[in-house]
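# Remarks on the overall topology
What follows is each chain in one-letter form.
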Amino acid sequence: MRHVFSQPVVTVEQGQIVGDTVHFENDYLDIQKDIDVFLGIPYAEPPIDERRFSAPLPKVPWSEDETYNATYIRDICVQTIADPKLFTQSEDCLHLNVYAPNPKVSFTVYDRMSGSLKGRNGVTLKAIL
């Protein structure tokens with residue numbers, strides 16, 4: 001059951017992001033934990049039009065007075081194996097979901113593009129949410 005009881009706001013290079021704090025319970029694993037969930041955070045400009053088949057470009061910051069709504073899942077990348085009744089597909093699919101423990105702790109992000117704990121520019125990707 002997903003019960004939202006607060007909406008944390010974090011600041012990243014592109015601006016502010018709002019997510020949800022949810023309570024996660026699993027009786028089988030005997031886990032009860034609060035988790036901050038940020039869904040559909042764009043990590044690059046959409047690879048559409050003239051950017052199709054090119055290296056991803058960094059995400060442009062959103063306006064200073066805008067807070068990015070990271071409370072719902074975005075479209076998945078176009079693929080033939082996905083059931084279109086279950087998933088909306090789009091070329092605008094360069095998003096990531098972040099699940100962070102609450103209270104806040106530091107964590108390391110695994111970069112699936114480079115296959116390491118370092119980003120493409122060699123900088124270790126770490127954050128404190």
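The structure under discussion appears in the preceding block.
Below, the structure is looked at part by part. Throughout, residues of each chain are indexed from 1 in the direction in which the sequence is written. Only residues with pLDDT of at least 70 are given local features in this predicted model, and only at 80 or more are side-chain atom pairs given and counted; all residues enter the totals for whole chains, interfaces and linings. Side-chain measures here rest on the full set of heavy atoms in the structure, leaving out hydrogens and waters.

## Comments concerning the nonpolar core
Cut-off, in case you're wondering: Take the buried Ala, Val, Leu, Ile, Met, Phe, Trp, Tyr and Cys residues and link them wherever side-chain atoms come within 4.5 Å; each set so joined is a nonpolar core. Remark: exposure states derive from per-residue accessible area (1.4 Å probe, protein chains only) relative to the maximum for the residue type, with buried under 20%, exposed over 50%, and partly exposed in between. Residues count as neighbours in contact if any of their non-hydrogen atoms are within 4.5 Å of one another.
Listed in full, the eight residues of the largest apolar core are Val10, Ile17, Phe38, Ile41, Trp62, Tyr68, Ala70 and Val98. Excluding residues that lie within four positions of it along the chain, isoleucine 17 makes contacts with Pro8, Val9, Val10, Val12, Phe38, Ile41, Trp62, Thr67, Tyr68 and Ala70.

## Considerations on the packing of aromatic side chains
Rule in force here: A pair of Phe, Tyr and Trp rings is counted when the ring centres sit within 6.5 Å of each other, with Trp represented by its six-membered ring. The angle between the planes then sorts it: under 30 degrees is stacked, over 60 is edge-to-face, the rest tilted. For a ring to carry a charge above it, either NZ of a lysine or CZ of an arginine must fall within 6 Å of the ring centroid while also lying within 35 degrees of the normal to the ring plane.
Under the definition given, this model contains one aromatic pair. Here the guanidinium or amino end of arginine 74 rests over the ring plane of tyrosine 72, the centre of that ring lying 3.7 Å away.

## Notes on the pattern of salt bridges
Heads up, the rule is: When a carboxyl oxygen of Asp or Glu lies within 4 Å of a side-chain nitrogen of Lys or Arg, that pair is called a salt bridge.
For the structure shown, the criterion picks out three salt bridges. Between arginine 51 and glutamate 50 there is a salt bridge; the shortest N-O distance is 3.6 Å. Relative accessible area serves as the criterion here: at 62%, glutamate 50 is assigned to the exposed category. Two residues, glutamate 91 and arginine 52, come together in a salt bridge whose shortest N-O distance is 2.6 Å.

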